[in-house]
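One letter stands for each residue in the lines below.
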Amino acid sequence: GVLTLSASSRGIDQHDPAQVAALAAAQNLITHGVGNATTDEQIALGYLQVNTGNYKLGLDLFNRLLEGNPKLVAAYLGRGTAQALQGNLAQASKDFTTVTEIDPKCSDGWKRRGQTRAALGFDSDAVKDLTKAAEISPDHECFHQRGIVHHKMHDYRKGLKDFRKALDMESRNPITWNFVGLCENALGHTRESIIAYERATQLDPHFKEAWANMAQAHRDGGDRASAERFFAQSIKVDASYTHGYHLRGLLFYGCGEIRLALADFKQGVEMDGTDRNCQLMKAVCLNSLGMLSEAIAEYNVLLKLDPQHQCYYQKEIALWMHKNLDADILATNPDTQLDAYFKEAYCKRHPTSHPRMCNYRPQKPLNAKIPDVRQLDVPESAELRKIVELSRKFGKLIQLNTPGFLSNLRQHRSCGITIISMAQQARAFWSGGGKGSVKTRDGGDGSASCLYFDPAGSSKNTGKNHDFGYRDFMDIAVKWRQISEPNDPVFWIDLLAPEAFAEGFGLQTPMVTGQMNVVRYFPYFARSLEVVKRLIADSGACNVHDQRFMLPRQKLDQLEKATDCQGLWDVMQQGFYVETPCHSIARPGKIMAGTRITLLQKPPEGFDFTIRTPGTPPRWVEMDQEMAHVWKLLRVEAQRKPGPDVEKFTELALTFYFYWVNFGPLSRGTAACGYIAFFALMLSIGYEVDVSPPEGTQVDWPAILTPRPAEFAAEVTTWIGPGRVKSTILDECPLVATTIATPREMIEALNMV
């Protein structure tokens with residue numbers, strides 16, 4: 001319905017609809033005109049009214065035309081378009097349907113009905129209509145519109161194919177190039193998506209969404225510098241682009257730059273006070289920085305708008321944290337002091353009205369007498385300054401050099417301090433004869449030989465006297481993780497609701513989800529697939545009902561040739577899982593259930609290929625025993641005279657990590673906490689591991705996919721071994737337990753520049 005006039009329009013008043021319509025009719029520019037000058041002029045005038053937003057005038061014209069000719073295709077198209085633009089989609093669809101009945105070969109009728117049906121949510125019908133339109137008259141718009149519907153349906157492969165076809169017909173369309181980028185990125189093809197976004201921005205340098213999408217693709221790939229540059233470009237194009245501020249804020253937050261993130265989220269809220277995404281992350285940033293009263297006020301704003309908003313959980317934890325800012329962290333533990341059903345609901349993102357929340361007693365209101373955390377840039381004490389300085393050495397070593405992982409400065413700081421703190425406590429435990437003598441803060445003498453440990457803050461045997469065990473050791477890492485990232489629900493799984501624990505709280509990590517190859521984890525797809533094929537051939541698989549079945553012998557050759565999810569599905573013909581074996585050293589000969597590798601279909605035309613760790617009580621007992629056994633072996637080796645065998649201790653520290661990640665005892669953060677523990681164990685006997693994982697290596701995956709700890713240790717020692725160097729850091733570092741003694745002091749340390 002768009003009118004394009006030729007040069008012969010000179011002398012015509014372009015602002016006079018009647019003159020413009022008359023000229024269009026005279027020049028035969030009317031889509032679906034009938035050749036009658038009077039009728040075509042009325043059609044043109046109706047199109048013009050609709051195109052300029054005068055919908056009522058347009059509708060009146062088309063209604064009069066249809067009174068005179070009930071089979072006038074152009075009038076139904078024009079009237080349907082006017083209805084659609086006003087949101088009357090059902091009426092619009094009815095008009096377009098009439099067009100297809102009057103003239104089944106009218107491509108525009110099928111095309112417009114397809115667009116309308118897509119807007120109504122009838123996506124499959126929309127695809128059929130757009131396919132019919134393309135069969136009649138294939139053009140850029142048909143394939144572009146069908147691609148949009150496929151993208152909406154998460155069928156990114158088909159969407160990409162359609163957008164590529166559209167570009168064959170109109171190669172300089174920046175919007176189509178942007179959609180190509182969206183589909184490529186949704187398939188996990190980061191590099192290809194960036195190329196498409198580059199093309200879109202070359203064709204239209206003011207295309208702010210394409211700049212932001214390109215930045216997001218770089219962020220997904222772990223490239224902060226490029227992401228930051230292109231987010232800045234999107235905001236340069238439109239300084240009021242709220243979504244751009246939100247996305248850049250997420251980048252900064254993911255890099256641990258909380259103050260920079262807060263500035264962007266504040267700007268987003270100023271630009272659009274209704275933007276709940278910026279409002280939420282503004283609150284989360286304030287929460288992270290310890291500005292808890294402000295954070296709680298922001299959470300309350302969201303909850304006033306939506307009482308079921310998920311930020312309810314973060315607000316409740318912020319209230320708990322504010323109340324405990326000055327509590328002794330040794331005697332404080334959110335895992336034991338927060339309601340178990342509340343924690344489960346937070347982990348599973350249940351609505352706050354969920355039945356398991358029915359007996360939850362909300363936290364008491366904010367106590368105005370307790371001040372928020374001071375915003376300090378540099379440490380005030382020499383002891384804290386020394387700890388922060390030494391922590392920089394370790395924090396960067398945990399950074400993964402693999403696509404999808406941003407360098408997070410706040411987590412580096414947290415990990416560095418945690419490594420030192422855990423190493424100090426482990427060394428004190430080794431030197432104390434292994435009897436776990438308790439020295440609470442009041443009872444310690446400040447020397448490095450003091451074990452600062454209070455059972456009141458333990459996650460196991462809370463409040464009961466017990467030896468300092470592996471779980472008390474890991475509590476240090478868990479508490480730092482909980483405080484350093486308030487946007488993640490990090491809890492011990494056995495301390496969630498008992499029903500959830502009995503059911504088997506399942507952790508899962510996808511390598512493939514739907515049609516997407518997950519950037520972070522797909523690099524381990526090929527290795528995982530080989531493990532799956534071997535286990536199926538040896539011992540079969542279990543279906544979704546937990547019934548084991550064996551693959552017929554004649555299908556084993558086909559299984560061996562499978563290289564992707566579709567090939568594996570073609571062999572198995574159903575959803576299934578296999579369990580990796582995990583060999584015990586506490587009970588030689590015992591093989592425990594390691595991790596489940598699962599394949600399920602996920603429409604449209606996709607799969608979920610994931611690792612899943614079922615946290616069931618029987619499995620928990622076995623893994624807990626294994627961890628306790630390795631902890632005892634570490635203690636014995638650490639106390640060996642005249643000193644521990646470094647090779648043996650390294651193997652045991654890696655064995656500790658091996659069972660920990662196979663155990664999967666935390667709702668989030670298991671791998672990171674385990675890797676921190678390995679560094680801390682080595683430092684406890686006077687050795688730094690001055691090496692990061694090689695490019696493309698994530699240490700937990702080899703542990704999960706390897707059946708025996710010795711095999712895993714042998715694999716990773718090839719690069720860990722040469723990185724071991726003697727260290728005197730624990731001799732020169734102040735005690736973390738006495739210098740950073742409260743949640744307030746922990747947050748202050750994390751906030752240091």
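Above this note sits the structure.
This structure is a prediction, so every number in the text was calculated from the model and none was measured. (Residues numbered from 1 in each chain as written. Predicted model: local features only at pLDDT ≥ 70, side-chain atom pairs only at ≥ 80, totals over all residues. Heavy atoms only, no water.)

**Thoughts on the sheet that holds strand β5 (residues 576-583)**
Line of reasoning, step 1. Strands sit in the order β2-β1-β7-β6-β5-β3-β4 across an open sheet of seven strands; the sheet is antiparallel. Because the sheet does not close on itself, it has two edges, and the strands there are β2 (516-517) and β4 (548-549).
Line of reasoning, step 2. Judged from the nine bridges that link them, strand β1 (residues 505-514) and strand β7 (residues 606-615) form a sheet pairing that is antiparallel. Considered in β7, the bridge of Thr513 is made with Asp608. (Pairing = 2+ DSSP bridges. Helix = DSSP H or I, 4+ residues; strand = E, 2+ residues; numbered from the N terminus.)

**Here we look at the pairing of β5**
Line of reasoning, step 1. With six of eight residues buried, β5 is to be regarded as a mostly interior element.
Line of reasoning, step 2. Inspection of the sheet shows β5 paired to strand β6 (residues 591-602) by seven bridges, in the antiparallel sense. Bridged to Val578 within β6 is Ile597. (Buried < 20%, exposed > 50% of the residue type's maximum accessible area, 1.4 Å probe, protein only.)

**Topic: the environment of Thr39**
Line of reasoning, step 1. Relative to the assigned elements, Thr39 resides in helix α2 (residues 37-51).
Line of reasoning, step 2. Spatially, the C-alpha atom of Thr39 lies 10.0 Å from that of Gly68, the residues being 29 residues apart in sequence.
Line of reasoning, step 3. Residues in contact with Thr39, not counting those within four places in the same chain, are Val34, Leu65 and Leu72. (Contact = heavy atoms within 4.5 Å.)

**Re the side chain of Ser93**
Line of reasoning, step 1. Here Ser93 shows up in helix α5 (residues 89-102).
Line of reasoning, step 2. Among the residues examined, Ser93 registers a relative accessible area of 10% and is labelled buried.
Line of reasoning, step 3. Beyond its immediate chain neighbours, meaning those up to four positions away, Ser93 contacts Arg113, Thr116, Arg117 and Leu120.

**Looking at the nonpolar core**
Line of reasoning, step 1. Counting residues in hydrophobic clusters, the biggest one holds 162 residues, and the most contacted among them are Phe473 and Phe656.
Line of reasoning, step 2. Every residue in contact with Phe656, bar those within four places of it in the chain, is listed here: Tyr470, Phe473, Met474, Met627, Val630, Trp631, Leu634, Ala677 and Leu681. (Core = buried A, V, L, I, M, F, W, Y, C linked by side-chain atoms within 4.5 Å.)

**Brief notes about the packing of helix α21 (residues 382-395) against helix α22 (residues 409-431)**
Line of reasoning, step 1. Put simply, α21 and α22 touch, their axes get as near as 7 Å, and they point 105 degrees apart. Considered as vectors, α21 and α22 are oriented roughly perpendicular to each other. Here Ile387, Val388, Leu390, Ser391, Arg392, Phe394 and Gly395 of α21 lie close against α22, whose contacting residues are His412, Arg413, Gly416, Ile417, Ile419 and Ile420. (Axes fitted to C-alpha atoms, helices over the stretch in contact; angles between N-to-C directions. Parallel < 35°, antiparallel > 145°, perpendicular 65-115°, else oblique.)

**Side note on the packing of helix α23 (residues 470-484) against helix α35 (residues 743-751)**
Line of reasoning, step 1. Axis separation between α23 and α35 bottoms out at 10 Å; the angle between their running directions is 65 degrees. Comparing their axes, α35 and α23 come out roughly perpendicular. Our pair here, α23 against α35, has a crossing hand that is right-handed. Of the residues in α35, those in contact with Lys479, Trp480, Ile483 and Ser484 of α23 are Pro743, Met746, Ile747 and Leu750.
Line of reasoning, step 2. Taken together, the residues of the contact of α23 with α35 sort by class into six nonpolar, one polar and one charged. (Left-handed = near helix turned anticlockwise from the far one by under 90°. Nonpolar A, V, L, I, M, F, W, Y, C, P; charged D, E, K, R; others polar.)

**Some details on helix α8 (residues 140-152)**
Three or four residues apart is the spacing at which side chains of an α-helix point the same way, because the helix has 3.6 residues per turn.
Line of reasoning, step 1. Taking 1.5 Å of rise per residue, the 13 residues of α8 would be expected to cover 18 Å, and the 18 Å separating its terminal C-alpha atoms lies within 8% of that figure.
Line of reasoning, step 2. Every buried residue of α8 is accounted for by His140, Cys142, Phe143, His144, Gln145, Arg146, Gly147, Val149 and His150.
Line of reasoning, step 3. Next to the buried residues of α8 lie α6 (107-120), α7 (123-136), α9 (156-169) and α10 (174-186).
Line of reasoning, step 4. His154 sits one or two residues past α8 and shows a positive phi near 65 degrees. (Expected span 1.5 Å × (residues − 1).)

**Focus on α22**
Line of reasoning, step 1. With 23 residues, α22 ought to run about 33 Å at 1.5 Å a step, and its terminal C-alpha atoms sit 33 Å apart, in line with that.
Line of reasoning, step 2. Of all 23 residues in α22, 20 are buried, a share of seventy percent or more.
Line of reasoning, step 3. Where α22 begins, the side chain of Asn408 points an oxygen toward the backbone nitrogen of Arg410, at a separation of 3.1 Å. (Polar contact = N/O pair within 3.5 Å; in protein donor to acceptor, adjacent residues only side chain to side chain.)

**Some details on the pattern of salt bridges**
Line of reasoning, step 1. This model, assessed by the stated rule, comprises 44 salt bridges.
Line of reasoning, step 2. Ionic pairing is found between Glu298 and Lys282, a salt bridge with its closest N-O pair at 3.2 Å. Placement of Glu298 in helix α17 (residues 292-305) and of Lys282 in helix α16 (residues 276-288) is noted, with a sequence separation of 16 residues between them.
Line of reasoning, step 3. Among the salt bridges present, the one from Arg356 reaches Glu503, with a minimum N-O distance of 2.9 Å. (Salt bridge = Lys/Arg side-chain N within 4 Å of Asp/Glu carboxyl O.)

**Thoughts on the side chain of Thr201**
Line of reasoning, step 1. Of note, Thr201 is situated in helix α11 (residues 190-203).
Line of reasoning, step 2. Of note is the side chain of Thr201, whose polar atom sits 2.9 Å from the backbone oxygen of Glu198.
Line of reasoning, step 3. The contact partners of Thr201, leaving out residues within four places of it in the chain, are Phe207, Ala210, Trp211 and Met214.

**Some details on the packing of aromatic side chains**
Line of reasoning, step 1. The tally for this structure, following the rule as stated, stands at 32 aromatic pairs.
Line of reasoning, step 2. Ring centres of Phe473 and Phe656 lie 6.1 Å apart, and the angle between their planes is 75 degrees; this geometry places the pair in the edge-to-face category. Note that Phe473 is positioned in helix α23 and Phe656 in helix α29 (residues 646-663), a separation of 183 residues in sequence. Both residues of the pair, Phe473 and Phe656, belong to the buried class.
Line of reasoning, step 3. Both rings, one in Phe658 and one in Phe712, keep their centres 6.0 Å apart while their planes meet at 35 degrees; by these two values the pair is tilted. Here Phe658 is found in helix α29, whereas its partner Phe712 is found in helix α32 (residues 709-720), with 54 residues between them in sequence.
Line of reasoning, step 4. On the accessibility criterion, Phe658 (0% relative accessible area) is buried.
Line of reasoning, step 5. Three or more aromatic residues joined by ring pairs form one cluster here, namely Phe429, Trp430, Phe453, Phe468, Phe473, Trp631 and Phe656. (Phe/Tyr/Trp six-rings, centres within 6.5 Å; stacked < 30°, edge-to-face > 60°.)

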